[in-house]
Amino acid sequence: MAGGIDLIGLNSDVLDVVMPISLVINPTGRISRVGRTLAKMSQGEDLVGQKFSDSFILHRPRSCNMTFGILKGITGQKLRVGFRNSPGIMMKGVLVEERISGCLLLNLSFGFLVFEAVQKYGLTNDDFAQTDLAIEMLYLVEAKTAVMDESRRLNGRLQLAREEAEEQASTDVLTGLKNRRAMEQGLARMRDEQTPFGLMHLDLDYFKTVNDTFGHAAGDVVLQAAAKVLLEETREQDIVARVGGDEFALMFKGPISPEKLSKIAKRIVTRLEEPVMFEGNTCRISGSIGFTCSEFYDVPDLDQMLSHVDLALYESKDKGRACTTMVTPALLEKAKKAHEIMA
Amino acid sequence: MHGLINRSIQCFIRDTYGPAAWGDVALAAKLGFSNFESLMTYDDELTFAVIDAACLRLDKPRDTLLEDLGTYLCSHPNLEPVRRLLRFGGGTFSEFLCSLDDLDERARLAVSDLELPNIELYREGPGIVSMYCEASYTGFGHLMVGVLRAMADDYGTLALLEHMGIEEGREVLSIRMLDAGFSSGREFSLAGGVA
């Protein structure tokens with residue numbers, strides 16, 4: 001007979017070893033034998049003698065009327081079967097017909113739900129057939145979980161390291177100039193080494209207009225052009241840093257006269273005013289500068305010098321932009337008075 | 001050597017002898033960094049340098065250090081996942097032993113670039129097993145003595161373990177299982193790991 005098997009010799013002991021999650025349905029539609037693991041899963045309820053359709057539900061193919069005849073018609077097919085009283089744990093299964101007795105043998109396994117099943121029914125190694133891959137599957141799930149956890153931790157550490165590295169970086173990405181941090185370090189080194197230096201603070205004029213009129217891409221190009229000018233007007237040992245959106249600080253290393261600084265400042269302003277082309281548009285900017293020399297001070301104090309070049313820069317802006325201003329006692333006096341009036 | 005192996009040596013020294021001891025070892029081994037990453041691969045020489053430095057720093061013979069490392073790997077709470085993965089090898093200590101036959105394949109299934117030595121088991125008599133470890137370096141056998149000792153405890157089996165030396169380039173271990181129900185062992189449920 002096609003499709004049938006001969007169960008003679010496949011006694012209960014054999015079935016318990018080979019198919020512990022199986023059952024036999026006799027031609028009256030009642031369960032006549034239950035595998036040891038399936039018995040454990042039925043949680044105290046004795047399945048033997050019960051109608052198969054009372055205890056189990058067929059999810060694939062869906063069928064409300066599970067008569068023996070219908071079950072016989074789906075032998076060999078891939079089935080999805082679950083307990084009626086504990087939905088959720090769906091099992092994979094296959095039915096075969098036994099040739100001599102005419103009974104149906106249903107063999108089951110868990111598929112992807114093995115983890116839930118093991119948890120729910122408290123299954124152990126011994127509950128699975130030696131050839132069942134369930135344990136290997138559980139092993140893999142755990143191994144992969146452990147590796148994923150480790151991978152997540154590694155990613156966390158890498159992310160932290162990246163943030164730290166970015167913080168410690170000394171370069172401004174857009175212009176390739178040094179950043180504020182590098183400038184502060186450079187100034188501190190000059191002070192510690194007692195090397196004289198000139199300090200300049202530059203703020204671009206009309207940069208906002210370029211940005212607003214032609215867009216940020218144009219603004220970026222203008223910033224890069226300005227950076228190029230600054231590098232060309234300084235020497236290798238000097239430091240040029242972008243310290244704000246359109247603000248730059250320049251440090252000239254070594255003895256330098258106020259006249260020389262003034263000359264450089266004026267040349268920078270002139271060169272910044274050269275138009276920059278961007279996508280057919282002419283972008284025009286200028287710059288206001290304040291500058292000072294460490295030699296103006298008995299003991300150069302960096303914070304003080306920085307606030308002084310700031311004052312000089314605002315003086316340049318006040319004078320109508322595109323100007324350069326040196327820190328002088330008169331300027332500081334004027335600022336002090338203004339401050340007193342404000343207060 | 002795989003980062004997992006290097007990282008476990010680091011954690012073993014740190015958890016057993018303290019962070020300062022690990023700091024000394026890392027320095028003496030001239031690692032140039034303070035932590036191994038478990039998902040990266042390192043030059044084998046680094047691993048051997050760490051083991052040598054640890055033996056010096058802790059004043060322990062290499063064999064003893066490796067055996068302690070083996071025990072640590074499957075008994076320390078920080079490495080519970082390792083113990084669990086090993087327990088998947090079988091329901092009894094004897095089944096677990098047999099599963100070591102394909103330890104390297106199991107390991108590769110979890111971490112594809114993790115290479116472990118090849119292990120072969122031979123049944124010599126009732127409850128007596130010989131284990132042959134084939135590694136590109138010596139000392140793995142001593143580590144396995146530590147692993148097996150901890151796992152026998154885990155299963156509640158009383159077993160005698162002995163490193164028999166090297167035979168044709170392979171380290172040989174003798175395992176005598178005296179009492180499979182010696183103690184109740186430690187709890188293990190298949191579903192206990194991922195909750």
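Conventions adopted
Residues numbered from 1 in each chain as written. Chains lettered and ligands numbered in written order. Predicted model: local features only at pLDDT ≥ 70, side-chain atom pairs only at ≥ 80, totals over all residues. Heavy atoms only, no water. Helix = DSSP H or I, 4+ residues; strand = E, 2+ residues; numbered from the N terminus. Buried < 20%, exposed > 50% of the residue type's maximum accessible area, 1.4 Å probe, protein only. Contact = heavy atoms within 4.5 Å. Areas by Shrake-Rupley, 256 points an atom, 1.4 Å probe, with all protein chains shown as cover. Polar contact = N/O pair within 3.5 Å; in protein donor to acceptor, adjacent residues only side chain to side chain. pLDDT = per-residue confidence, 0-100. Patch = residues over 30% accessible without salt bridge, like charges linked within 9 Å, V, L, I, M, F, W, Y side chains within 5 Å. Salt bridge = Lys/Arg side-chain N within 4 Å of Asp/Glu carboxyl O. Buried area = accessible area lost by both parts, 1.4 Å probe. Nonpolar A, V, L, I, M, F, W, Y, C, P; charged D, E, K, R; others polar. Core = buried A, V, L, I, M, F, W, Y, C linked by side-chain atoms within 4.5 Å. Pairing = 2+ DSSP bridges. Axes fitted to C-alpha atoms, helices over the stretch in contact; angles between N-to-C directions.

Now for the overall build of chain B. For chain B, the helix and strand inventory stands at eight helices and four strands. Counting from the amino terminus, chain B carries its helices and strands in the arrangement α-α-α-α-α-α-α-β-β-α-β-β. Within the span of chain B, comprising 195 residues, buried residues form 49% of the whole. Pairs at least 24 apart in sequence give 62% of the contacts found in chain B among residues at least 6 apart. Counting every atom, chain B has about 9,300 Å² of accessible surface; 53% of that belongs to carbon and sulfur.

Another point: the side chain of Glu315(A). Checked against the element boundaries, Glu315(A) lands in helix H11 (residues 302-318). Here Lys334(A) takes part through its side chain, which lies 2.8 Å from a polar atom of the side chain of Glu315(A).

This next bit is on the confidence of the model for chain B. When pLDDT is averaged across chain B, the result is 93; 98% of the residues are at 70 or more. For chain B, per-element mean pLDDT is lowest for helix H7 (residues 103-110) of chain B, which scores 87, and highest for helix H4 (residues 62-73) of chain B, which scores 97.

Attention now goes to a nonpolar patch on the surface. A cluster of nonpolar side chains, contributed by Leu158(B), Leu160(B), Leu178(B) and Phe182(B), occupies part of the molecular surface with about 390 Å² of accessible area. For Leu160(B), the position within the fold is in strand E3 (residues 158-167).

This part covers the interface of chain B and chain A. With 19 residues of chain B at the interface, the matching set in chain A holds 22 residues. Here chain B packs against chain A, burying approximately 2,000 Å² in sum over the two surfaces, 66% of which is carbon and sulfur. Where chain B touches chain A, the interface holds two salt bridges. The salt bridge involving Glu142(A) is made with Arg84(B); its shortest N-O contact spans 2.7 Å. Applying the counting rule to chain B against chain A returns seven residue pairs in polar contact (both at pLDDT 80 or more). Of all the secondary-structure elements, those providing two or more residues to the side of chain B that touches chain A are helix H5 (80-87) and H7 of chain B. Across the side of chain B that touches chain A, the residue classes tally to eleven nonpolar, four polar and four charged.

Here the focus is the nonpolar core. Residues Leu100(B), Met131(B), Met144(B) and Leu148(B) are the most contacted members of the largest nonpolar core, which totals 52 residues. For this core, the element with the most residues is helix H8 (residues 140-155) of chain B, which contributes ten residues. Among residues more than four places away in sequence, those in contact with Leu148(B) are Phe93(B), Phe96(B), Leu97(B), Leu100(B), Met131(B), Leu161(B), Leu173(B) and Ile175(B). Counting residues in each nonpolar core, the second largest holds 46 residues, with Met41(A), Leu47(A), Val114(A) and Val111(B) among its members.

Let us now look at the sheet that holds E3(B). Residues and elements named next belong to chain B. The strand order E1-E2-E4-E3 describes an open sheet built from four strands, whose pairing is antiparallel. Looking at which strands have only one partner, the edges of the open sheet turn out to be strand E1 (118-125) and E3. Geometrically, the sheet is characterised by an average inter-axis angle of 20° between neighbouring strands, direction not taken into account. By the bridge criterion, nine bridges tie E3 to strand E4 (residues 170-179) in an arrangement that is antiparallel. Counterpart to Ile166 in the pairing with E4 is Glu171. Helix-sheet contacts for H8 involve E1, strand E2 (128-134), E3 and E4, and the interaxial angle to E4 is about 15°.

What follows is about the sheet that holds strand E10 (residues 247-253) of chain A. Residues and elements named next belong to chain A. One open sheet holds the five strands; their spatial order is E9-E10-E8-E13-E14, and the pairing between them is mixed. At either end of the open sheet lies a strand with only one pairing partner, and these are strand E9 (239-242) and strand E14 (324-326). When strand polarity is set aside, the average angle formed by the axes of neighbouring strands in this sheet is 15°. Judged from the four bridges that link them, E9 and E10 form a sheet pairing that is antiparallel. In the strand pairing of E10, Ala241 is matched with Ala249. Along the sheet, helix H10 (residues 258-272) makes contact with strand E8 (197-205), E10, strand E13 (286-293) and E14, crossing E13 at roughly 165°. Across the face of the sheet, H11 comes into contact with E8, E13 and E14 while running at roughly 140° to E13.

Next up on the list: the pairing of strand E2 (residues 22-25) of chain A. Residue and element names in this part refer to chain A. Side chains Ser22 and Val24 project from E2 onto one buried face, and the interleaved Leu23 and Ile25 project onto a second face that is buried too. As paired strands, E2 and strand E7 (residues 104-109) are joined by four bridges and run antiparallel to one another. Residue pairing for E7: Ile25 is matched across the bridge by Leu104. Both E2 and strand E3 (residues 31-34) contribute to a ladder of three bridges, which runs antiparallel. Each bridged residue has a counterpart across the sheet, and for Val24 the counterpart in E3 is Arg33.

Here the focus is the pattern of salt bridges. All names here are of chain A. According to the stated counting rule, one finds 31 salt bridges over all chains in the structure shown. Its salt-bridge partner being Asp172, residue Arg242 comes within 3.3 Å of it at the nearest N-O pair. With Arg242 in strand E9 and Asp172 in the loop between helix H6 (134-168) and helix H7 (180-193), the pair connects residues that are 70 residues apart, well separated along the chain. Both residues of the pair, Arg242 and Asp172, count as buried.

Residues and elements named next belong to chain B. Position of Ser184 relative to the elements: it lies in the segment after E4. For Ser184, a relative accessible area of 73% corresponds to the exposed category. Expressed as a C-alpha distance, the spacing of Ser184 and Asp153, which sit 31 residues apart in the sequence, is 9.0 Å.

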